[in-house]
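What the coordinates show
Okay, here's what each chain looks like letter by letter:
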Amino acid sequence: MRKKKSATLNDGCNPELVAGARFDGDLEIPSIVKPEKVIIPDNIVPFSERKKCSPLNSTIGFFEMDEKFADVLISPDKYIDEFLSYQAIVSPDCSLYRNMPLSAQITNIYRSRAIGGYYQRKGVHVIPLIRWGSEDTYTTRKLPEKVAFLGVEKQSILAIGTYGCIQSKEDKYFFKSGLESMLETLEPNTVLVYGSMPKSVFGDYMTNTKFIQYDNWTTLKHGGEKNR
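Scope of this entry: the structure provided in the associated data block. Remember, it's a predicted structure, so these values are computed and weren't measured experimentally. (Residues numbered from 1 in each chain as written. Predicted model: local features only at pLDDT ≥ 70, side-chain atom pairs only at ≥ 80, totals over all residues. Heavy atoms only, no water.)

What follows covers helix α5 (residues 169-186). Between its first and last C-alpha, α5 extends 26 Å over 18 residues, near the 26 Å set by a 1.5 Å rise per residue. For α5, the complete set of buried residues consists of Asp171, Phe174, Phe175, Gly178, Leu179, Ser181, Met182, Leu183 and Leu186. Check the buried side of α5 and you find it contacts α4 (135-138), β7 (157-161), β8 (190-194), α6 (199-202) and β9 (210-214). Glutamate 187 occupies a position one or two residues after α5 and carries a positive phi of about 45 degrees. (Helix = DSSP H or I, 4+ residues; strand = E, 2+ residues; numbered from the N terminus. Expected span 1.5 Å × (residues − 1). Buried < 20%, exposed > 50% of the residue type's maximum accessible area, 1.4 Å probe, protein only. Contact = heavy atoms within 4.5 Å.)

Quick look at the packing of aromatic side chains now. Counting across every chain of the model gives 13 aromatic pairs. On the basis of an interplanar angle of 45 degrees and a centroid distance of 5.0 Å, the ring pair of tryptophan 132 and phenylalanine 175 is categorised as tilted. Separated by 43 residues along the polypeptide, tryptophan 132 in the loop between β6 (126-127) and α4 and phenylalanine 175 in helix α5 bring together distant segments of the chain. We note that tryptophan 132, like phenylalanine 175, is buried. Ring geometry for phenylalanine 202 and phenylalanine 211: centres 5.4 Å apart, planes at 85 degrees, overall edge-to-face. With a relative accessible area of 1%, phenylalanine 202 lands in the buried category. Members of the aromatic cluster, joined through ring pairs, are Phe47, Phe62, Phe69, Tyr79, Phe83, Tyr118 and Tyr119. Lying over the aromatic face of phenylalanine 47, arginine 50 brings its terminal NZ or CZ to 4.0 Å of the ring centre. (Phe/Tyr/Trp six-rings, centres within 6.5 Å; stacked < 30°, edge-to-face > 60°. Lys NZ or Arg CZ within 6 Å of the ring centre and 35° of its normal.)

This paragraph deals with the sheet that holds strand β5 (residues 88-90). Taken in spatial order, the four strands of this open sheet run β3-β4-β5-β6, and their pairing is parallel. Either end of the sheet is taken by a strand with one partner, and the two such strands are β3 (44-46) and β6. For strand β4 (residues 59-61) and β5, the ladder comprises two bridges, and the chain directions are parallel. Bridge pairing in β5 links threonine 59 to alanine 88. (Pairing = 2+ DSSP bridges.)

Let's shift gears to the sheet that holds β7. With respect to topology, three strands assemble into an open sheet ordered β7-β8-β9, the strand pairing being parallel. Every other strand in the sheet has two partners, leaving β7 and β9 as the edge strands with one partner each. Each neighbouring strand pair of the sheet contributes to a mean axis angle of 25 degrees, computed without reference to strand direction. In this sheet, β9 lies alongside β8 in parallel orientation, the contact comprising five bridges. Bridging from a neighbouring strand, threonine 190 pairs with lysine 210 of β9. Across the sheet, α5 is in contact with β7, β8 and β9; its angle to β7 comes to roughly 175 degrees. (Axes fitted to C-alpha atoms, helices over the stretch in contact; angles between N-to-C directions.)

Have a look at this one:
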């Protein structure tokens, strides 16, 4: 007798992640709420290397290939207790590439905010990560809203990453363009920067915003020092 196959499907949307969440904009991106207390990390350690650092003075970041923190995206509840022991976490840095379909870019922005907000509602201190892709994510030339900045409150602390994102002249142009749009839109009090801060990209904005730079993990392993 042939066994009947199950018709149970996983909708992939993880609705439990946004239970109780606030949503921002027409696209209803889940929000990471502005923290009552600002925590400036002592250091930012990649998720995959977290066991090499003390939780008491470390903040977890996800500035690495998505597969290295895929389990956080699939089963975030497994890490609640562990993340509570750290200073903070930066919300997941889900990949955004300029040549990705816009729908995929929006999906990864949604996913980052949904998981970050989920951990925040569980008591973890979460610093929102801002990542932009194509111009359509940080301008209103195609969408009515700058989707890259939805779900994050103005005049707060946030994090960005430059590691691997400003290698070519073209990369620098688009990164600086997105950075300028972010600063105008969100007016952050403090911006944590994971990776280098070349003057050609950041020089025009240093007097208006407080930037705090953190060396990437590879640089730290080779004896680099934080340049704050």
